[in-house]
Amino acid sequence: MEAQQVSSEKTEKASPEELFEALSSSNEGLSVEEARKRLGQYGPNALEEKRESPLLKFLGYFWGPIPWMIEVALILSLVVEHWLDAVIIAVLLAFNAIIGFWEEHKASNALAALKKGLALKARALRGGKWQEVKAVDLVPGDIVRLRLGDIIPADVKLIEGEYISVDQAALTGESLPVNKKVGDIAYSGSVAKQGEMVALVTGTGSNTFFGRTAKLGGEAGAESHFQKAVMRIGDFLIFVAVGLSIILIAVELYRGQPVLELVQFVLILVIASIPVAMPAVLSVTMALGALSLSREKAIVSRLQAIEEMAGIDILCSDKTGTLTKNELTLGDPVTFAAKDVEELILAGALASKAEDQDAIDLAVISGLQDRSLLNNYEQTKFVPFDPVGKRTEGTVKDPQGRIVKYTKGAPQVILGMCDVDDETQAKADTVVNEMAFKGYRTLGVAKSTRDGGWQYMGILPLFDPPRDDSADTIAQAKKHGLKVHMVTGDNVAIASDISGQLGMGTRIQTATELFKGDVDPSHLSPEVAQKIEQADGFAQVFPEHKYGIVKALQERGHLVGMTGDGVNDAPALKQADTGVAVSGATDAARAAAALILTAPGLSVIIKAIEEARQIFERMMSYAIYRIAMTIDIMFFVVLAILVFNFTPLTAVMIIVLALLDDIPIMTIAYDNTRIDPKPVRWHMGRVLSVSSVLGLLAVAETFGLLLIGWEWLKNPEWQQWIQMDKSHLQTMLFLQLVAGGHLMLFVTRTKKPFFVPPFPSQTLFCAIVGTQVFAVLMCAVGWLVPALPWGLIGLVWVYNIVWMFIQDFIKVGVYYLIEDRAKHRQRYLKTVNQPLHPHPHLS
């Protein structure tokens, strides 16, 4: 009998046995071969993506404000019979479309590669063995295990286990988690908040109740603060270009220029001035940067996270698995009611479940000298750890056939369950404190009694040593201007010991003291916020405290990164400027995070921050270059026409200039950049100051060459040396704008002198040199422009190189003044105890 998918309505009404029959499955799950066959029959457990036609996407690049302007210029060129202009404008239009299409194609491929890294996993029973499979490969009839923090991978019928609490707010709008038991159904995309159960997959892909699987992370293409700011700059540049064009049109009409030819020229000038390539440059820079981060074992779920990562100045890091090895080792147990150490460890092992691969459970089980002892007991029920109850519980049948319960967890929780006298309580507290002082975590272990109470068996100490690279990584983070705060659920003594070993400081604040009583974590007093800012770390932290810590630090003007791995960490990860799901995090934590690590340790985050700062620098240098070039082209051409009544560039020259400018700009995504020693943020004032100075210097440079050329035209002695007319002068100015513009790209790409490392990447350097060689040959042989003697070509290049050093010297001075002013501002703010950046993204 062939298995059929079962609708949500039938799933709800049918019993597990009826569903097993309908799906040709059983408690043993499917064989590997059967699962493969069903995958071919039903298809992947995902919605079919609607793929846009590549042809329609390509044609879309001919539709929009900028393409319309180019198309109008093309039509006007045809009307006035400027055939050469029309051909070159058509080439420009096609070039922009091809480049935009190709760059978006590369960006989408990069994002598709990242998406693969974010694929959900599931634990399925196949061939009689539990194994991890991709959620997309699940099929109807599969048996899956659902645990705390999992995103339910398909529509399922719950068939085994005590209970599972499911958050389906995103699907049904219910504000509170819903408790599910055997016989209930759980929907694809909901999140397991507590408990653990086994379930039967009844529907996959488009056959699920909501017709879709859970989406991780949100839209990867959302605009960042940086992108919005650069787009605002683009709008500003268009406004400036149009404003100057109106002035130019008014003056030229007054002088009697033909209307159509004038409008055609002005349109071409505006097209060359505005940042046509901006969307393509930004998308490819961000996407290739994200792909580069994935090679560092850090997957970006949202592209705007790159900008936010570059700016974070405080990182709140989990201790376990990030700062420490997460390789728990059992220390010397302390017995209470247990007759010996082996009985105490056995009791802890019976409150564990090896199949869940929990680090604490495995450490306790591995502490048994004879693991075969577990074969004498049958575990009939297991309640996994949850952040609220802070304990696990196993129900077992002992060798005598009696049902006994064992539990292990936080010592204070287990002690509270047991009826112990003051002496036992004091002894337990002393042991826990002594162990904590030595850096040990402790577990209390208890066993149920016949009267329904609990007997305190003893304490199991566990030690998780710091990772070998943690101390060096913390030191490296400090060099990058990044302060790392430890955040742990352990007590103050353990946190202080590990923090001190790693050089992070020992000023540890207890979260329960900071968030006393019914204090709302999202509305803390300024005094508490200041304590949080000044702390080196936080102990006894519950998930809800993490949100409050992030919020307080943000209110103090910091950009905050927060690591997390559990389902209850999701609010803090979402609130943080960069939420980081550490290696092995639950699906829910991964869904909330902006950065998902696939390797353990803090060094991965530091590498990601370094990479993000480099990406940010590339985009910043592009913004400065683009503004400066627009100022240069627009102001120079308009001033030359108004002052000298001389058109310094032909329409053909302007179009070719726009084409030659776009080519090296596309390669800026591959450039080498320095890693800023401090967090970098978007400073609109700084960008406008530097770019305006460089732009006005470029106008002075180009105008200077025009004055030299104008003087040359009137000087008979100079004319005897090299003959020159107005057409030659136009070619000289064209070559100057090409050469000077690209040399300015070398100037804008670094805050330091252009001749010190890091040097341009081979890709960028070759693109610039290639376009320069092409422009020189154009001018030398007279292709599309009047031919220029080699002597004048040499003169233009010498002139540009001299100005390059002048621009670079002034640029370094401007940056020095800006940095000096910023330092004075910081000193002042510190004296009045005010946040340094009350609006981090707008300062």
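Residues numbered from 1 in each chain as written. Predicted model: local features only at pLDDT ≥ 70, side-chain atom pairs only at ≥ 80, totals over all residues. Heavy atoms only, no water.

**Thoughts on the overall build of the chain**
Item 1. For the chain, the count of helices and strands is 29 helices and 22 strands.
Item 2. Within the span of the chain, comprising 843 residues, buried residues form 54% of the whole.
Item 3. Taking all contacts inside the chain whose residues are at least 6 apart in sequence as the whole, residues at least 24 apart take part in 73%.
Item 4. Of the roughly 36600 Å² of accessible surface on the chain, 57% is carried by carbon and sulfur atoms. (Helix = DSSP H or I, 4+ residues; strand = E, 2+ residues; numbered from the N terminus. Buried < 20%, exposed > 50% of the residue type's maximum accessible area, 1.4 Å probe, protein only. Contact = heavy atoms within 4.5 Å. Areas by Shrake-Rupley, 256 points an atom, 1.4 Å probe, with all protein chains shown as cover.)

**Some words on the environment of W783**
Item 1. Counting through the fold element by element, W783 comes out in the loop between α28 (762-781) and α29 (790-831).
Item 2. Taking relative accessible area as the criterion, W783 reaches 46% and is therefore assigned partly exposed.
Item 3. Once residues within four sequence positions are removed from consideration, W783 is found in contact with F774 and M778.

**Here's the deal with the nonpolar core**
Item 1. In terms of nonpolar packing, the biggest core is built from 135 residues, with L706 and F734 touching the most fellow members.
Item 2. Counting residues per element, this core draws most heavily on helix α23 (residues 603-644), at 26 residues.
Item 3. Discounting chain neighbours no more than four positions away, the residues touching L706 are F636, A640, F644, F646, L729 and L733. (Core = buried A, V, L, I, M, F, W, Y, C linked by side-chain atoms within 4.5 Å.)

**Points about the packing of aromatic side chains**
Item 1. By the definition in use, this model includes 12 aromatic pairs.
Item 2. Measuring from centroid to centroid gives 5.2 Å for F336 and Y456, while their planes differ by 85 degrees, and the two rings are edge-to-face. Taken together, the residues F336 in the loop between β11 (334-335) and α12 (341-350) and Y456 in strand β16 (residues 454-463) connect sequence positions 120 residues apart. Residues F336 and Y456 agree in their burial class; the two are buried. (Phe/Tyr/Trp six-rings, centres within 6.5 Å; stacked < 30°, edge-to-face > 60°.)

**As for the pairing of strand β4 (residues 155-167)**
Put simply, side chains in a regular strand alternate between the two faces of the sheet.
Item 1. Taken together, the 10 bridges between β4 and strand β7 (residues 191-203) define a ladder with antiparallel strand orientation. Of the residues in β7, the one forming a bridge with G161 is M197.
Item 2. Across two bridges, β4 lies against strand β6 (residues 185-186) in antiparallel orientation. Bridge assignment links V156 to a residue of β6, and that residue is A186.
Item 3. For β4 and strand β5 (residues 178-180), the ladder comprises three bridges, and the chain directions are antiparallel. Note that in β5 the partner of V166 across the bridge is V178. (Pairing = 2+ DSSP bridges.)

**Some words on the side chain of T407**
Item 1. Inspection of the secondary structure assignment puts T407 in strand β14 (residues 403-409).
Item 2. Polar contacts involving the side chain of T407 include one to the main-chain carbonyl oxygen of T392, which spans 2.6 Å.
Item 3. For T407, the residues in contact, after removing those within four places along its chain, are A351, R391, T392, E393, I414, M417, G444, V445, A446 and W454. (Polar contact = N/O pair within 3.5 Å; in protein donor to acceptor, adjacent residues only side chain to side chain.)

**Considerations on the pattern of salt bridges**
Item 1. Within the structure shown, the criterion is met by 21 salt bridges.
Item 2. Between E34 and K37 there is a salt bridge, and its shortest N-O distance comes to 3.6 Å. Of this pair, E34 and K37 both sit in helix α3 (residues 32-42), three residues apart, roughly one helical turn.
Item 3. Salt-bridge contacts for R402 lead to D398; the nearest nitrogen and oxygen are separated by 3.0 Å.
Item 4. For R402, a relative accessible area of 41% puts it in the partly exposed group. (Salt bridge = Lys/Arg side-chain N within 4 Å of Asp/Glu carboxyl O.)

**A short note on the side chain of D150**
Item 1. For D150, the location among the structural elements is in the loop between β3 (143-146) and β4.
Item 2. What makes D150 buried here is its relative accessible area of 12%.
Item 3. Within the structure, the side chain of D150 is placed 2.6 Å from the side chain of R123, a separation counted as a polar contact.
Item 4. Looking at D150, its side chain comes within polar contact range of the main-chain nitrogen of R147, at 2.9 Å.
Item 5. The contact partners of D150, leaving out residues within four places of it in the chain, are R123, R145, S190, V191, A192 and D587.

**Description of α12**
Item 1. By the criterion of burial, α12 is predominantly enclosed, with seven of the 10 residues buried.
Item 2. Looking at α12, one finds that the buried residues are L344, I345, L346, A347, G348, A349 and L350.
Item 3. The backbone nitrogen of E342 lies 3.3 Å from a side-chain oxygen of the residue at the head of α12, namely D340.

**Description of the pairing of β3**
Item 1. Of the two faces of β3, both are covered, the one formed by I143 and R145 as well as the one formed by V144 and L146.
Item 2. Both β3 and β7 contribute to a ladder of four bridges, which runs antiparallel. By the bridge assignment for β7, I143 is matched with L200.

**Examining unusual backbone geometry**
Item 1. Following P757, the chain continues into P758 via a peptide bond in cis, with omega recorded as 0 degrees.
Item 2. Residue placement: P758 occurs in the loop between α27 (726-748) and α28.
Item 3. With phi around 50 degrees, S24 is a residue other than glycine that occupies positive phi space.
Item 4. Tracing the chain through its elements places S24 in the loop between α2 (16-22) and α3.
Item 5. Its identity is not glycine, yet Q540 carries a phi of approximately 50 degrees, on the positive side.
Item 6. Structurally, Q540 can be placed in the loop between β19 (537-539) and α20 (543-555).

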